[in-house]
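Residue-level structural notes
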Amino acid sequence: TLIINFEYDGPGRLKGSTTFRSFVQMKPDDRDAWAVINWSIFALACLDIILVCTTIFANFRQRKQIFKEMPNMTEEQKDVVILHTPIWSWLDVFDLIFRGINIGFCIWHWNMYPAPTTDSNGNSIGNYEAVVKDILDLEWSDPHVTTEEKVDTFMGMVLSLNDSLRSEDFHRMM
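We now turn to the structure provided with this report. (Residues numbered from 1 in each chain as written. Predicted model: local features only at pLDDT ≥ 70, side-chain atom pairs only at ≥ 80, totals over all residues. Heavy atoms only, no water.)

1. Notes on the overall build of the protein
Helix and strand counts for the protein come out as five helices and four strands. Listing every helix and strand of the protein by position from the N terminus yields β-β-α-α-α-β-β-α-α. The buried share of the protein, reckoned over its 174 residues, is 20%. Put simply, 54% of the contacts in the protein that link residues at least 6 apart link residues at least 24 apart. Working note: accessible area of the protein is about 12800 Å², and carbon and sulfur atoms make up 62% of it. (Helix = DSSP H or I, 4+ residues; strand = E, 2+ residues; numbered from the N terminus. Buried < 20%, exposed > 50% of the residue type's maximum accessible area, 1.4 Å probe, protein only. Contact = heavy atoms within 4.5 Å. Areas by Shrake-Rupley, 256 points an atom, 1.4 Å probe, with all protein chains shown as cover.)

2. Quick word on the side chain of Asp92
Residue position: Asp92 is located in helix 3 (residues 90-112). With no salt bridge to any partner, buried Asp92 finds its closest opposite charge in Arg99, at an N-O distance of 10 Å. Contacts of Asp92, omitting those with residues within four sequence positions, involve Val52 and Ile56. (Lys, Arg positive; Asp, Glu negative; His and termini not counted. Salt bridge = Lys/Arg side-chain N within 4 Å of Asp/Glu carboxyl O.)

3. With respect to the packing of aromatic side chains
Evaluated as defined, the whole model comprises five aromatic pairs. On the numbers, 6.0 Å between centres and 15° between planes, the contact of Phe94 with Phe98 is stacked. Here the residue Phe94 and the residue Phe98 both occupy positions in helix 3, the gap between them amounting to four residues, near one helical turn. Residue class for Phe94 comes out exposed when judged on its relative accessible area of 53%. Owing to a relative accessible area of 40%, Phe98 belongs among the partly exposed residues under this scheme. (Phe/Tyr/Trp six-rings, centres within 6.5 Å; stacked < 30°, edge-to-face > 60°.)

Structure representation (structure tokens):
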């Protein structure tokens, strides 16, 4: 919950007070377990891509070796070798695409749940708390900045936060 109150504090000046009550999306132990699982899935998908590519390369070398050992093959014999020593299969293509999507999902998911950072007081703050804190820390009493510039900065930050929240909502509803 975020409550922002603005008060008129004289010509061209605003005074504000804020109340910010946060919530934690995941407990630290849950977040650590989630991070281990996410990175494990990412690492296994990368390993699978490496293994599939290694298998394709090994199949290519095997076929090349057969042709090298039997240089006098007819075209019909070459066709038989090609038929029985495939370099890749459609399952390999499906596996590579699936693992690529899996890696993309892990990266996307990781970016939606960044680890908390600490503020200047050493308090642990989450992804959106940091953005809200920047909004709350806007210097309203600075006499060198016009009220119009302060409001424009404030509204830009609020609109950016709203865009982030919409993206978060979209991600969670998929």
